[in-house]
Amino acid sequence: MTLHCIPFSPPQQHDNPFDLAQCLAPNLKLACALPEFATPEWLLDIYEQMLIVRQLDEKATILQRTGQLGTYPSSHGHEGISVTLGKTILSEDIFVPYYRDQGVLLQRDMRPRDILQYWGGDERANLHGNHRDMPVCIPIATQCTHAAGIAYALQYQNSEQVVVCSLGDGATSKGDFAEALNFSSVKNLPIVYVISNNQWAISVPLEAQTAAKTLAHKAYAAGCHAFRVDGGDVIALAHTFQLALDTCRTHQGPILIEAVTYRLCDHTTADDASRYMPEAEREAAMKIESIKRLEDYLHQENILNANKIKSLHSKAKQHIEDEAAAAAQLNEAEAVEIFDSLYADLPNELKNQRTHCIHKAQSCKKN
């Protein structure tokens, strides 16, 4: 597979758009020989994990609509990027997520019930998953500077770990992103920035966000290498992510990756994408998104048949129903727990407040 790495030296290339790295094309033809890792077993596993993410998002949306969950950001259209990235990052690496990274988190020891717990407003969900990772970041792009700081610390410690920072296309318009990318490049940090370019920053289309030919071109200003990859092609995604991680692990980072996809849903459950998203554009994207593309390819290659596809969809749906039921049974957090993760050693004034909170809770229970 040939990846089109965007170099940061030749100025004459600045105005040239770069092709997407691609293996499994939208027409189900292979643009290259299958890499060794892309066995039927690997492809099936990725497919099943994407189905779980899709079912989780659908269930979470239903729960939000019925008042059982807070505002929720579906990852419909991102499943290939998210699941494949989660499969590629090593457990000892540090992942810095944004709010549409369910697929990565599920590959890093979080359970669907934990994700539902989090979006239900219960921060105790962050006790689960890979404890090296940062919590989900809700503000736009602020996680980029956190990730750069973590990578700087790892470099100082001569660690073999790599930081992976996930963000959306809208985040690349923020100063936090530019500052983090610049600092990472100046310090040659072991960090991979993965941009899920879903074409929309809430209701603002990509062409209104930036005059750059591609988001990967933004790496030029910082002196950073970059890749562009088809976000609907799980094979090319896995190859690109692995190459970037290996590069950073040998002290040749940072790397920026633009994974091009399309958001097939509202920005969050507080949004109505039909007000701004062209229906024809969305329908065209639905025909080549990662789940359908891989499903059609596996069916074409006789790895899956119609009955097996139906069975796997049902299995994923039942798994999420079970997880949602488990989430509903979780005990509510006690008010006093708000004090328990603030400091290693709680200051005296907060100790007093905590004691008062306990006494008040006990009094309320008696009454």
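My aim in this report is to walk through the structure given alongside it, one point at a time. (Residues numbered from 1 in each chain as written. Predicted model: local features only at pLDDT ≥ 70, side-chain atom pairs only at ≥ 80, totals over all residues. Heavy atoms only, no water.)

With respect to helix H9 (residues 234–249)
Then comes step 1: The end-to-end C-alpha distance of H9 is 22 Å, a good match for the 22 Å that 16 residues give at a rise of 1.5 Å each.
Then comes step 2: Within H9, 12 of the 16 residues are buried, which leaves it mostly tucked inside the rest of the structure.
Then comes step 3: Those residues of H9 not exposed but buried are Val234, Ile235, Ala236, Leu237, Ala238, Thr240, Phe241, Ala244, Leu245, Thr247, Cys248 and Arg249.
Then comes step 4: Its side-chain oxygen at 3.1 Å from the backbone nitrogen of Ile235, Asp233 defines the N-terminal cap of H9.
Then comes step 5: Remark: His251 follows H9 within two positions and exhibits a positive phi of approximately 65°. (Helix = DSSP H or I, 4+ residues; strand = E, 2+ residues; numbered from the N terminus. Expected span 1.5 Å × (residues − 1). Buried < 20%, exposed > 50% of the residue type's maximum accessible area, 1.4 Å probe, protein only. Polar contact = N/O pair within 3.5 Å; in protein donor to acceptor, adjacent residues only side chain to side chain.)

Some thoughts on the nonpolar core
Then comes step 1: Residues Tyr47 and Val192 are the most contacted members of the largest nonpolar core, which totals 65 residues.
Then comes step 2: Ignoring any residue separated from it by four or fewer positions in sequence, one finds Tyr47 in contact with Ile291, Leu294, Glu295, Leu298, Leu304, Ile309, Leu312 and His313.
Then comes step 3: With 28 residues, the next largest nonpolar core counts Ile150, Cys165, Leu181 and Ile191 among its residues. (Core = buried A, V, L, I, M, F, W, Y, C linked by side-chain atoms within 4.5 Å. Contact = heavy atoms within 4.5 Å.)

Some points on empty space enclosed by the protein
Then comes step 1: Considering all chains together, one arrives at 2 cavities of 30 Å³ or more under this definition.
Then comes step 2: There is about 60 Å³ of room inside the largest cavity.
Then comes step 3: Considering the residues around the largest cavity, the lining is formed by Tyr98, Tyr99, Asp101, Gln102, Leu105, Met110, Ile115, Tyr118, Trp119 and Val136.
Then comes step 4: For the lining of the largest cavity, the secondary-structure elements that each account for two or more residues are helix H3 (102–107) and helix H4 (112–119).
Then comes step 5: In terms of residue count, the dominant contributor to the lining of the largest cavity is H4 (3 residues).
Then comes step 6: Across the lining of the largest cavity, the residue classes tally to 8 nonpolar, 1 polar and 1 charged.
Then comes step 7: By volume, the second largest cavity is sized at about 40 Å³. (1 Å grid on protein atoms, 1.4 Å probe; cavity = no way out; pocket = protein on both sides within 12 Å on 5 of 7 lines; lining within 4 Å. Points joined across faces, edges and corners; volume = space filled by probe spheres on them. Nonpolar A, V, L, I, M, F, W, Y, C, P; charged D, E, K, R; others polar.)

Topic: unusual backbone geometry
Then comes step 1: For the bond from Gly253 to Pro254, the omega torsion is 0°, close enough to zero to count as cis.
Then comes step 2: Here the phi dihedral of Leu28 falls at roughly 70°; this positive angle occurs in a residue that is not glycine.
Then comes step 3: On the secondary structure map, Leu28 appears in the loop between strand S1 (5–6) and helix H1 (40–65).
Then comes step 4: Classification of Leu28 as buried rests on a relative accessible area of 15%.
Then comes step 5: For Asn302, which is not glycine, the phi torsion reads 60° and is therefore positive.
Then comes step 6: With respect to the element layout, Asn302 can be found in the loop between helix H11 (290–300) and helix H12 (306–328).

Thoughts on the side chain of Arg54
Then comes step 1: With respect to the element layout, Arg54 can be found in helix H1.
Then comes step 2: When residues no more than four places from it in sequence are discounted, the contact partners of Arg54 are His76, Glu79, Glu289 and Ile291.

Brief notes about the pattern of salt bridges
Then comes step 1: According to the stated counting rule, one finds 17 salt bridges in the structure shown.
Then comes step 2: The salt bridge partner of Arg65 is Asp266, with a shortest N-O separation of 3.7 Å. Taken together, the positions of Arg65 in helix H1 and Asp266 in the loop between strand S8 (255–260) and helix H10 (279–286) put the pair 201 residues apart, joining distant regions of the chain.
Then comes step 3: Its relative accessible area of 23% is what places Asp266 among the partly exposed residues.
Then comes step 4: Taken together, the shared-partner salt bridges connect Arg54, Glu79 and Glu289 into one network. (Salt bridge = Lys/Arg side-chain N within 4 Å of Asp/Glu carboxyl O.)

The values are spatial; any link to function lies outside them.
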